[in-house]
Amino acid sequence: AQRVTQPEKLLSVFKGAPVELKCNYSYSGSPELFWYVQYSRQRLQLLLRHISRESIKGFTADLNKGETSFHLKKPFAQEEDSAMYYCALGLYNTDKLIFGTGTRLQVFP
Amino acid sequence: DAGVTQSPTHLIKTRGQQVTLRCSPISGHKSVSWYQQVLGQGPQFIFQYYEKEERGRGNFPDRFSARQFPNYSSELNVNALLLGDSALYLCASSLSGTENSPLHFGNGTRLTVT
């Protein structure tokens with residue numbers, strides 16, 4: 001079965017602290033993984049995707065097929081990073097995404 | 001670029017009624033997908049349409065239907081509304097309709113069924 005698990009509903013850190021938002025997936029095929037973010041009063045938007053292997057707003061995520069994980073990391077959190085973060089699994093040749101339940105990141109000053 | 005636009009923004013309906021939600025994709029995008037987001041959950045896939053043909057369907061009852069028009073805009077219809085249909089309905093568009101082009105989401109339509 002295709003599934004995405006985000007074990008933490010809420011993650012609270014202080015500004016400047018490292019952040020790791022956990023994501024595990026279950027998929028028998030070759031996974032295409034994404035992180036989407038929703039800032040307060042804004043629409044859901046793509047943060048990064050594993051195939052791009054890029055850093056966006058200081059965030060990175062590495063696909064670990066052995067552990068079936070795609071954790072999102074940032075070495076130094078900023079207050080503006082406070083948002084809802086969703087990990088999502090993309091299925092081959094479709095726009096179908098399997099989303100996790102999301103993790104709310106709160107960064108305190 | 002106007003982004004993905006959805007209408008209406010909010011809607012209140014009574015159990016048993018029918019509702020139509022509308023979505024206009026980003027100019028040039030040929031794929032439109034619909035997602036349902038219940039409070040406290042991630043979005044759940046309902047439909048994808050590409051070039052006016054259904055490309056995928058999620059695990060939703062036949063009360064849910066959709067279509068895509070020649071200008072690539074789309075409508076989502078829900079018949080015989082249930083209280084459990086109360087949710088945020090998100091529309092997303094993409095260029096190629098595959099996992100290779102990112103999804104762009106609209107702001108959603110908040111449906112409340114009483």
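Conventions used here
- Residues numbered from 1 in each chain as written.
- Chains lettered and ligands numbered in written order.
- Predicted model: local features only at pLDDT ≥ 70, side-chain atom pairs only at ≥ 80, totals over all residues.
- Heavy atoms only, no water.
- Helix = DSSP H or I, 4+ residues; strand = E, 2+ residues; numbered from the N terminus.
- Rg over C-alpha atoms; globule rule 2.2 N^0.38 Å.
- Buried < 20%, exposed > 50% of the residue type's maximum accessible area, 1.4 Å probe, protein only.
- Contact = heavy atoms within 4.5 Å.
- Areas by Shrake-Rupley, 256 points an atom, 1.4 Å probe, with all protein chains shown as cover.
- Lys, Arg positive; Asp, Glu negative; His and termini not counted.
- Charge placed at Lys NZ, Arg CZ, Asp CG, Glu CD.
- Disulfide = S-S within 2.5 Å.

Draft legend 1. Seen up close, the overall build of chain B. Along its length, chain B carries zero helices and eleven strands. Reading chain B from its N terminus to its C terminus gives the helix and strand order β-β-β-β-β-β-β-β-β-β-β. Against the compact-globule benchmark of 13 Å for 114 residues, chain B has a radius of gyration of 13 Å, which places it among compact chains. When each of the 114 residues of chain B is scored for burial, the buried share is 52%. Of the contacts formed within chain B by residues at least 6 apart in sequence, a portion of 53% connects residues at least 24 apart. Looking at chain B as shown, the accessible area adds up to about 5200 Å², and 49% of this sits on carbon and sulfur atoms. One finds the centroid of the 10 positive side-chain charges in chain B at a distance of 8 Å from the centroid of its 8 negative side-chain charges.

Draft legend 2. Representation of the state of the cysteines within the structure. Residue and element names in this part refer to chain A. Applying the stated rule across the entire model yields two disulfides over all chains. Here C23 connects covalently by a disulfide to C87, the sulfurs 2.0 Å from one another. Residues C23 and C87 share a disulfide whose torsion about the S-S bond is about -65°; that sign makes it left-handed. Separated by 64 residues along the polypeptide, C23 in the loop between β3 (19-21) and β4 (24-26) and C87 in strand β9 (residues 83-90) bring together distant segments of the chain. With relative accessibility at 0%, the residue C87 sits in the buried group.

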